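Fold and geometry: a report
Spelled out from the first residue to the last, the chains are:
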Amino acid sequence: MTLSEVAICLVIGGFAGVLGGLAGIGGSMIMLPALAVFVADPDPGSAHHMFMAAAMVVNVVVSFPAALRHRKAGAIHYGALRVILPAMAIAIVAGVLVSNAFPGLVLRKILAGFIAAYAMMTITRFFRKSQEPELDAKGVQPLRLTVIGLATGMVAGLLGIGGGVLMVPMLQVFCKMPIKNAIATSSAVMVLTAVVGASLKLGTLGPEHGRSVIDALIIAAALSPTAFIGGRIGAALTHKLPLQAVRLVVSIALLIVAARMA
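In short, a report on the structure. (Residues numbered from 1 in each chain as written. Predicted model: local features only at pLDDT ≥ 70, side-chain atom pairs only at ≥ 80, totals over all residues. Heavy atoms only, no water.)

Right, let's talk about the overall build of the protein for a bit. In terms of regular secondary structure, the protein is built from 10 helices and 0 strands. Helices and strands in the protein line up, N terminus first, as α-α-α-α-α-α-α-α-α-α. Relative to the 2.2 N^0.38 estimate, which gives 18 Å for 262 residues, the radius of gyration of the protein is 17 Å and therefore close to what a compact globule would have. Each principal axis of the C-alpha distribution contributes one length, and for the protein these read about 50 × 30 × 30 Å. Looking at the protein as a whole, 55% of its 262 residues are labelled buried. Long-range contacts, defined here as pairs at least 24 residues apart, represent 86% of the contacts in the protein between residues at least 6 apart. (Helix = DSSP H or I, 4+ residues; strand = E, 2+ residues; numbered from the N terminus. Rg over C-alpha atoms; globule rule 2.2 N^0.38 Å. Buried < 20%, exposed > 50% of the residue type's maximum accessible area, 1.4 Å probe, protein only. Contact = heavy atoms within 4.5 Å.)

Structure below.
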């Protein structure tokens, strides 16, 4: 990497960390489009797999300080965490293996569509002005949580994202969990599942795509310092800012990103 690319990665990491910690989305949805645009590579197809591996490593860096902040605030739902964690860990392995069967440019287009769908859903929910539910143990059922874990893990492994972008709204819709608890629980789950996904993606990077693990780790190292700081800042802001309004602004920005990435 050139010095200018390292500087770009530091900026990308900072934005991804803040938004990931704030919205519980891990950061990959910022990192992957930004890396595709700003970090040049002669083979963009295989490079996307390398960027996925790097982003999944950084997801650990973002989610860990965020989870510590949420733990301090008492927002993590440990009952949900215990059920979702094993289901998502299994599914993320399957998702990574499936992702290796796809060309990188195809995964880029799928990711762009996924980002656009997430953004539109968030914007729609904002204008519906649905009332924030109270935390209700009756809605947090093991079967629902297991399905959420499996779905989130498969998508996270396939697209190289943290999974919170799917888990947070699913916890809200299907388990009637308040947004702050959903974001906190999502961040806590990702601390461990991101390790599983990143390890497997790194391990298959060379055999499946002919890319260097060292190169992916260098990119991750360039992203990580500011991502770590940003993750702490974003998680702290979760408990201070009007989250629905913030997520609306982030979603509008993501729509622009998705269009550029596609």
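Having seen it, we continue.
Let us now look at the packing of helix H3 (residues 44-72) against helix H5 (residues 104-128). At a closest axis distance of 7 Å, the pairing of H3 and H5 adopts a crossing angle of 60 degrees. For the element pair H3 / H5, the angle class is oblique. Touching Pro44, Gly45, His48, His49 and Met52 of H3 are Gly104, Leu105, Leu107, Arg108 and Leu111, all from H5. Its residues assigned to classes, the contact of H3 with H5 shows 5 nonpolar, 4 polar and 1 charged. (Axes fitted to C-alpha atoms, helices over the stretch in contact; angles between N-to-C directions. Parallel < 35°, antiparallel > 145°, perpendicular 65-115°, else oblique. Nonpolar A, V, L, I, M, F, W, Y, C, P; charged D, E, K, R; others polar.)

To continue, consider the packing of H3 against helix H9 (residues 213-238). H9 packs onto H3 with a crossing angle of 30 degrees between their chain directions and a minimal axis gap of 7 Å. Classified by the interaxial angle, the pair formed by H3 and H9 is roughly parallel. The way H3 lies across H9 gives a crossing that is right-handed. Among the residues making up the contact of H3 with H9, the classes are represented as 19 nonpolar, 4 polar and 3 charged. (Left-handed = near helix turned anticlockwise from the far one by under 90°.)

Membership of the largest hydrophobic core comes to 77 residues, with the highest contact counts inside it found for Leu35, Phe51, Ile84, Ile161, Leu171, Leu223 and Leu254. When near neighbours in sequence (up to four residues on either side) are disregarded, Ile161 contacts Ser28, Met29, Asn59, Leu111, Phe114, Val155 and Ala156. (Core = buried A, V, L, I, M, F, W, Y, C linked by side-chain atoms within 4.5 Å.)

Charged atoms that come close allow side chains of opposite charge to pair. For the structure on display, the rule yields 1 salt bridge. Two residues, Arg211 and Asp41, come together in a salt bridge whose shortest N-O distance is 2.7 Å. In this pair, Arg211 is assigned in the loop between helix H8 (179-209) and H9 and Asp41 in the loop between helix H2 (28-38) and H3, connecting sequence segments 170 residues apart. Given a relative accessible area of 15%, Arg211 falls into the buried group. (Salt bridge = Lys/Arg side-chain N within 4 Å of Asp/Glu carboxyl O.)

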